[in-house]
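Residue-level structural notes
Given next are the chains, with one letter for each unit.
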Amino acid sequence: VWIAAAKSNDAQKMKFQLDTVVIEESCRASALAGRILSGTPASVEVRYVIDGRIAARPLADGRDHFGAGKRRMVVLTRRGSFLMGCPASSARFACCGYLVLVLASNCPMDCSYCFLQEHLANNPGFQVYANYAGAFDELDRLTHARSGRSFRIGTGELADSLAFDSLTAISRELVGYFSEHQNLMLELKTKTDEIDNLLAVEPRGRTLVSWSLSPMRVFAQSEHHTAPPESRINAARRVLEAGYKVGFHLDPVIAYPGAEQDYLDLLDCVFDTLPGDAIAFFSIGGLRMTPGLRSEARRRFPSDSMLLGEEVLGEDGRYRTFTTLRFRLFAKLRERIVKACSDLPVYLCMESASAYHRVFGADPPIPASLGAELADH
Amino acid sequence: MRLLEIAESLKMRAGQCVAALSLLEEIAIREGKTIGEILDRPSLRRIFNSAGSGPGRVREMLDELRTLRYPRLTRAAQQLAQKVAAIKLPAGIKVTLPRDLASDEVRVEIIAHGSEEMALVLASLAAKASELVRLAAMLSGVDRGCEVE
């Protein structure tokens with residue numbers, strides 16, 4: 001499944017395919033650009049531009065702008081802030097108080113259901129920000145302003161946290177920074193097994209690595225260029241042994257025929273590999289798609305049956321599996337998790353308070369308190 | 001049987017052809033079958049070969065295609081509708097389930113004229129409380145009475 005970029009020695013670091021690396025002139029001398037260039041095979045074109053944002057826009061030619069964007073890495077300066085609220089949060093949903101640190105945008109993997117297909121339609125280039133040290137300044141300001149609170153901060157919302165980490169090595173600096181801040185928890189969210197850099201640094205309990213997990217059938221059909229589920233679970237075991245916390249996202253749960261048993265088997269595989277009491281949390285979220293995302297995903301992956309489930313248009317304008325089936329699946333998954341470890345935190349992602357009540361039999365916690373709890377767990 | 005032949009024989013309108021083709025394509029991908037194989041199914045052939053009116057048979061065909069495209073949703077909706085019917089609500093009380101089971105909201109409408117009628121309807125509603133609670137539980141997947149797998 002992995003795409004070997006090249007066979008030359010200097011390119012062995014890179015597991016994903018790139019057509020081009022575009023570097024903004026102002027970032028030419030940056031440490032990040034240097035690391036990327038040293039790990040990029042000679043076959044990859046390197047260009048320098050004045051404004052990297054323009055290079056991140058869709059190309060004029062070609063039909064799959066989003067797919068092409070994944071193979072065009074743009075090293076540039078981030079003009080806006082790095083820290084933001086989770087884009088999935090909303091007053092409609094029972095949220096988890098997650099804060100997002102935007103260090104990259106887009107992802108070399110290509111999951112057919114991915115919301116980035118719509119979210120990044122106008123700037124699909126794979127952007128990495130050379131001035132990422134500015135994120136640490138923002139985090140310093142946050143911790144000084146709210147010294148009594150704990151925060152869970154992730155880098156895996158607009159990008160996979162570890163894809164290309166063998167090339168950028170940003171994770172080492174991130175883990176180092178968070179290891180010195182007792183009220184911050186870093187969450188690195190991934191579908192890779194790219195953990196070599198993590199094994200070389202000491203997290204001191206302040207970094208959690210989480211894996212999005214799907215059964216084999218979803219992986220095989222929909223999660224292109226990702227690591228197989230078993231590899232993700234084994235990578236979780238290795239980072240746990242190295243002192244990291246680990247969590248899992250069953251997200252998106254796709255309700256294909258036979259899904260219930262496949263997801264339960266997947267959970268068994270997790271609990272056979274890792275002790276339940278060592279897992280920081282499970283999140284559960286159903287497949288949800290806006291009409292625009294649904295159209296784009298089906299256009300890009302016309303033969304993917306996972307995109308043709310029994311989804312109906314809900315009140316929030318997203319297609320989801322009809323309620324009876326979706327809630328039943330959530331309840332089954334939660335039941336199995338709690339059976340394995342009764343005090344393992346489980347929460348729902350992008351579901352209403354009503355859904356939370358149905359599945360958990362209780363009202364959802366306040367987002368900020370859940371975020372703090374997950375950060376402290 | 002080919003879709004074009006069916007469209008001609010049933011005198012389908014353009015919009016109906018588009019809807020049928022879209023459903024057929026999605027069913028074909030979901031089940032890994034060809035459109036021809038799907039059109040050959042007994043449930044569809046029965047509709048094509050029946051003696052009913054063209055527009056009636058088109059409606060039946062589209063309903064059957066929706067059932068094939070959304071089999072578990074159709075089954076769950078039928079089970080819930082049967083449950084509503086089995087509650088035998090008196091006149092003046094109407095239960096509405098969410099369209100396409102897209103939420104877990106059950107709407108109960110009471111229509112009464114005057115205080116006496118209102119009192120009667122409310123008493124009837126109270127007598128059906130446990131069954132309505134069970135209906136809500138079925139809708140939200142908690143009660144196994146609604147089998148969706």
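Residues numbered from 1 in each chain as written. Chains lettered and ligands numbered in written order. Predicted model: local features only at pLDDT ≥ 70, side-chain atom pairs only at ≥ 80, totals over all residues. Heavy atoms only, no water.

The next point concerns the overall build of chain A. Scanning chain A from N- to C-terminus turns up 14 helices and 18 strands. Here the contacts in chain A between residues at least 6 apart in sequence split such that 77% fall between residues at least 24 apart. Summing over all exposed atoms, chain A offers an accessible surface of approximately 14400 Å²; the carbon and sulfur share of this is 50%. (Helix = DSSP H or I, 4+ residues; strand = E, 2+ residues; numbered from the N terminus. Contact = heavy atoms within 4.5 Å. Areas by Shrake-Rupley, 256 points an atom, 1.4 Å probe, with all protein chains shown as cover.)

On to the pairing of strand β1 (residues 20-24) of chain A, then. Two faces, one strand: in a regular strand the side chains alternate between the faces of the sheet. All names here are of chain A. Among the 5 residues that make up β1, 5 are buried, leaving the element largely enclosed by the rest of the structure. Alternating positions in β1 separate into two faces, T20, V22 and E24 on one and V21 and I23 on the other, with burial throughout. Summarising the sheet, β1 and strand β3 (residues 72-76) pair through 4 bridges and their orientation is parallel. From the neighbouring strand, V21 faces β3, where its bridge partner is M73. One ladder, built from 5 bridges, connects β1 with strand β2 (residues 45-49); its direction is parallel. When the bridges of β2 are listed, I23 appears paired with Y48. Note that the unit made of β1, helix α1 (residues 31-39) and β2 has a crossover that is right-handed. (Buried < 20%, exposed > 50% of the residue type's maximum accessible area, 1.4 Å probe, protein only. Pairing = 2+ DSSP bridges. Right-handed = clockwise from strand over helix to strand, strands pointing away.)

Moving on, we come to the pattern of salt bridges. Applying the stated criterion to the full structure yields 33 salt bridges over all chains. Note that D63 of chain B is salt-bridged to R66 of chain B, the shortest N-O span being 3.3 Å. Here D63 of chain B pairs with R66 of chain B, and both are found in helix α5 (residues 54-69), just 3 residues apart, close to one helical turn. Where salt bridges share partners, they join D316, R318, R320, R326 and E351 of chain A into one cluster. (Salt bridge = Lys/Arg side-chain N within 4 Å of Asp/Glu carboxyl O.)

Residues and elements named next belong to chain A. Overall, antiparallel pairing links the 3 strands, which are arranged β15-β17-β16 in an open sheet. A strand with exactly one partner marks an edge of an open sheet, and here the two such strands are β15 (288-289) and β16 (311-313). For β15 and strand β17 (residues 319-321), the ladder comprises 2 bridges, and the chain directions are antiparallel. Bridge pairing in β17 links M289 to Y319.

Every contact between the two is made by 28 residues of chain A and, on the other side, 26 residues of chain B. For the pair chain A and chain B, the summed buried surface comes to about 2200 Å²; carbon and sulfur atoms form 51% of the total. Where chain A meets chain B, there are 4 salt bridges. Among the ionic pairs, D104 of chain B bridges to R358 of chain A, the shortest N-O distance being 2.9 Å. One can count 12 residue pairs in polar contact (both at pLDDT 80 or more) joining chain A with chain B. Listed by contribution, the elements that provide at least two residues to the side of chain A that touches chain B are α11 (291-300), β16, α12 (323-340) and α13 (353-360) of chain A. By residue number, the principal contributor to the side of chain A that touches chain B is α12 of chain A, which donates 6 residues. Partitioned by chemical class, the residues of the side of chain A that touches chain B number 10 nonpolar, 8 polar and 10 charged. (Buried area = accessible area lost by both parts, 1.4 Å probe. Polar contact = N/O pair within 3.5 Å; in protein donor to acceptor, adjacent residues only side chain to side chain. Nonpolar A, V, L, I, M, F, W, Y, C, P; charged D, E, K, R; others polar.)

What follows concerns the sheet that holds strand β18 (residues 346-348) of chain A. Within a beta sheet, neighbouring strands are joined by backbone hydrogen bonds and run either parallel or antiparallel to one another. All names here are of chain A. Ordered in space as β4-β5-β9-β10-β11-β13-β14-β18, the 8 strands form an open sheet in which the pairing is mixed. Every other strand in the sheet has two partners, leaving β4 (83-85) and β18 as the edge strands with one partner each. Pairwise comparison of adjacent strand axes, ignoring direction, gives a mean angle of 30° for this sheet. Pairing analysis gives 5 bridges linking strand β10 (residues 184-190) to strand β11 (residues 207-212), with the strands arranged parallel. Paired with L188 across the bridge in β11 is V209. Seen against the sheet, helix α7 (residues 170-179) touches β5 (98-101), β9 (151-154), β10 and β11 and runs at an angle of roughly 155° to β10. (Axes fitted to C-alpha atoms, helices over the stretch in contact; angles between N-to-C directions.)

In the structure shown here, the tally under the stated rule is 0 disulfides over all chains. Free of any disulfide, C269 of chain A has its nearest cysteine sulfur in C341 of chain A, 17 Å distant. (Disulfide = S-S within 2.5 Å.)

Moving on: the nonpolar core. Residues V75, I153, L250 and F282 of chain A are the most contacted members of the largest nonpolar core, which totals 128 residues. When residues no more than four places from it in sequence are discounted, the contact partners of V75 of chain A are V21, V22, I23, E24, C27, L32, A33, I36, V128 and A130 of chain A. Within the second largest apolar cluster, 20 residues are counted, among which are A28, L39, L62 and L65 of chain B. (Core = buried A, V, L, I, M, F, W, Y, C linked by side-chain atoms within 4.5 Å.)

On to a nonpolar patch on the surface, then. All names here are of chain B. Nonpolar side chains collect at one region of the surface, where V108, I110, M118 and L122 lie side by side and expose about 280 Å² of accessible area between them. If you list the elements that add at least two residues to the nonpolar patch, you get β2 (107-110) and α7 (114-127). Tracing the sequence through the fold places M118 in helix α7. (Patch = residues over 30% accessible without salt bridge, like charges linked within 9 Å, V, L, I, M, F, W, Y side chains within 5 Å.)

Quick look at the packing of aromatic side chains now. All names here are of chain A. Going through the model one piece at a time under the given rule, you end up with 9 aromatic pairs over all chains. Between Y177 and F178, the aromatic rings sit 5.6 Å apart at their centres with planes inclined by 75°, giving edge-to-face as the arrangement. No difference in accessibility class separates Y177 from F178, as the two residues are buried. Judged by centre distance (4.2 Å) and plane angle (20°), the ring pair of Y356 and F360 falls under stacked. Here Y356 and its partner F360 are both found in helix α13, 4 residues apart, which amounts to about one turn of the helix. Pair check on accessibility: Y356 and F360 agree, each one buried. Within the aromatic cluster, the residues linked to one another by ring pairs are F16, F126 and F164. In this structure, R28 is placed above the aromatic ring of Y48, and the distance from its NZ or CZ to the ring centre is 3.7 Å. Over the aromatic face of F281 sits the side chain of R152, whose NZ or CZ is 4.9 Å from the ring centroid. (Phe/Tyr/Trp six-rings, centres within 6.5 Å; stacked < 30°, edge-to-face > 60°. Lys NZ or Arg CZ within 6 Å of the ring centre and 35° of its normal.)

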